[in-house]
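So the chains spell out like this:
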Amino acid sequence: MPAYVLNLQDIDQKMLPAVGSKCLNLCELRRLEGIMVPDGFCITADAYREAVSGDVQLNELLVRLSSLKASDCDLIVDLSAQIRGLIEQVQMPQDLVEQVMQALSGYKDDDSFAVRSSATMEDLPGASFAGQHETYLNIRIKADLLPHVAKCWASLYSERAITYRLQNNFGHQKVSMAVIVQKMVMPEASGIIFTADPTTSDRSTISIEAGFGLGEAFVSGQVDPDVYKLRNDEIIDKSISFKKYKIIPSTKGGTVIKEIDKEKQLSQTLSDPQIKELAALSSKIGGHFGSPQDIEWCFANDQFYILQSRPITTLF
């Protein structure tokens, strides 16, 4: 039986083609002392390839896609919708279904999960593909997990991802999709750390963005985050934003928008000691990977969790 599901603790560098850079980086982080990464498993890119390989209509559409240019906007929109529709309805290999159910049996019935895309050409030093593939949060019913895996597969052919590959001469059929399934963390706060300032390219400055609840609130532009900047382990600047809303996990699954209590709307998301602790964690991560990093984090149960780390590709 092919091994379509791998526990995060069992993944190492030689498995990069099977799990993608996002997943491999998470597994590297799990091995660093003091870095917390939510538990989970990876559905390998082999599962995606097996699921789609026999679909004649899908393969015909992919051949048509390869003949397009980035300027063929209308055709990209049309083919993207058709391809994603087929992938979302694809028949899952039975071995994959059984292995996922076996992996889920190790979790409690009331656990919920984050389902994250990890493309095999994602988070590379020269091409980040940042934000082009989907993540689904707070999947509470185990039977709903596999349909969301298929949605992650389908996001390989979002309009934005197709256009990016055409602009950068990446072959569509050379890229595959692994999927990370992690136990959902219910955060009090979330954000992003840049171990080099992305606005000035100053590699001596750490920039932290922070907001209440899930990070989707400011990733989507609905809320402006606090911004804290540090140099030589000292806070050198703080910009505290007005935060009216936060996105939180729903008891029914998925997420909901909730208004923040008025007395907290202008409050600092993280305390100064927390800011310094988070900066120290980011320095450890940047030092491990040997390059400036763009890191997603959250704070829950009195500790920081790292959700992703990728190279910053925009520095000059």
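Here the structure is a predicted model, which means the values were calculated and not measured.

Colleague: Got a sec to walk through the overall build of the protein chain? Specific residues and values, please.
Modeller: Counting its secondary structure elements, the protein chain contains nine helices and 13 strands. Over its C-alpha atoms the protein chain spans a radius of gyration of 20 Å, differing by no more than 12% from the 20 Å that the globule rule assigns to 316 residues. Projecting the C-alpha coordinates of the protein chain onto the three principal axes gives extents of approximately 55 × 45 × 40 Å. The burial tally for the protein chain puts 51% of its 316 residues in the buried class. The contacts of the protein chain with a sequence gap of at least 6 include a subset with a gap of at least 24, amounting to 67%. Only carbon and sulfur atoms are counted for the fraction: they give 50% of the accessible area of the protein chain, which is about 14600 Å². Of the charged side chains in the protein chain, 31 are positive and 41 negative; the average position of the first set lies 2 Å away from that of the second.

Colleague: Help me get a handle on the sheet that holds strand S7 (residues 205–212), residues and values and all.
Modeller: A sheet is described by the order of its strands in space; here six strands give the open sequence S9-S8-S7-S6-S12-S13, paired in antiparallel fashion. In this open sheet, the two strands that pair with only one neighbour each are strand S9 (234–239) and strand S13 (303–311). Shown here is a sheet whose adjacent strand axes are inclined to one another by a mean of 20°, direction ignored. Note that strand S6 (residues 189–194) and S7 share six bridges and pair antiparallel. Bridging from a neighbouring strand, isoleucine 193 pairs with isoleucine 208 of S7.

Colleague: Talk me through the sheet that holds strand S2 (residues 40–43); I want residue IDs and the actual numbers.
Modeller: Across the sheet, which stays open at both edges, the five strands sit in the order S1-S2-S5-S3-S4 with antiparallel pairing between neighbours. Whereas interior strands pair on both sides, the edge strands pair on one side only; in this sheet they are strand S1 (5–7) and strand S4 (135–139). Pairwise comparison of adjacent strand axes, ignoring direction, gives a mean angle of 20° for this sheet. Pairing of S1 with S2 involves three bridges; the strand directions are antiparallel. Looking at the pairing, leucine 6 lines up with cysteine 42 of S2. The strands touched by helix H1 (residues 16–30) are S1, S2, strand S3 (113–119) and strand S5 (177–183); relative to S3, the strand with the most contacts, the crossing angle is about 125°.

Colleague: Go over helix H4 (residues 73–88), please, and point to the residues and values.
Modeller: Between its first and last C-alpha atoms H4 spans 22 Å; for 16 residues at 1.5 Å apiece the expected length is 22 Å, and the two agree. All of the buried residues along H4 are Ile76, Leu79, Ser80, Ile83, Leu86 and Ile87. Seen end-on, H4 carries its buried residues on one side only, within an arc spanning 135°. On its buried face, H4 is in contact with helix H2 (45–52), helix H3 (56–66), helix H6 (145–154) and helix H7 (159–167).

Colleague: If you had to explain the nonpolar core to someone new, which residues and values would you point to?
Modeller: Ile43 and Trp153 are the most contacted members of the largest nonpolar core, which totals 45 residues. Per-element tally for this core: the top contributor is H6, with seven residues. With near-sequence residues (within four places) excluded, isoleucine 43 lies in contact with Tyr4, Val5, Leu96, Val100, Val149, Ala178, Val179 and Val181.

Colleague: Summarise the packing of aromatic side chains; cite the residues concerned and give the values.
Modeller: With the rule as written, the count across this model stands at four aromatic pairs. Relative to phenylalanine 113, the ring of tyrosine 107 lies with its centre 5.2 Å away and its plane at 85°, an arrangement referred to as edge-to-face. Measuring from ring centre to ring centre gives 4.8 Å for phenylalanine 299 and phenylalanine 304, while their planes differ by 55°; the resulting arrangement is tilted. A relative accessible area of 8% means that phenylalanine 299 is categorised as buried. Over the ring of tyrosine 157 we find arginine 165, and its NZ or CZ is 5.0 Å from the ring centre. Here the basic side chain of lysine 264 rests over the ring of phenylalanine 212, its NZ or CZ set 4.5 Å away from the ring centre.

Quick notes on the rules
- Residues numbered from 1 in each chain as written.
- Predicted model: local features only at pLDDT ≥ 70, side-chain atom pairs only at ≥ 80, totals over all residues.
- Heavy atoms only, no water.
- Helix = DSSP H or I, 4+ residues; strand = E, 2+ residues; numbered from the N terminus.
- Rg over C-alpha atoms; globule rule 2.2 N^0.38 Å.
- Buried < 20%, exposed > 50% of the residue type's maximum accessible area, 1.4 Å probe, protein only.
- Contact = heavy atoms within 4.5 Å.
- Areas by Shrake-Rupley, 256 points an atom, 1.4 Å probe, with all protein chains shown as cover.
- Lys, Arg positive; Asp, Glu negative; His and termini not counted.
- Charge placed at Lys NZ, Arg CZ, Asp CG, Glu CD.
- Pairing = 2+ DSSP bridges.
- Axes fitted to C-alpha atoms, helices over the stretch in contact; angles between N-to-C directions.
- Expected span 1.5 Å × (residues − 1).
- Arc of directions from axis to C-beta.
- Core = buried A, V, L, I, M, F, W, Y, C linked by side-chain atoms within 4.5 Å.
- Phe/Tyr/Trp six-rings, centres within 6.5 Å; stacked < 30°, edge-to-face > 60°.
- Lys NZ or Arg CZ within 6 Å of the ring centre and 35° of its normal.

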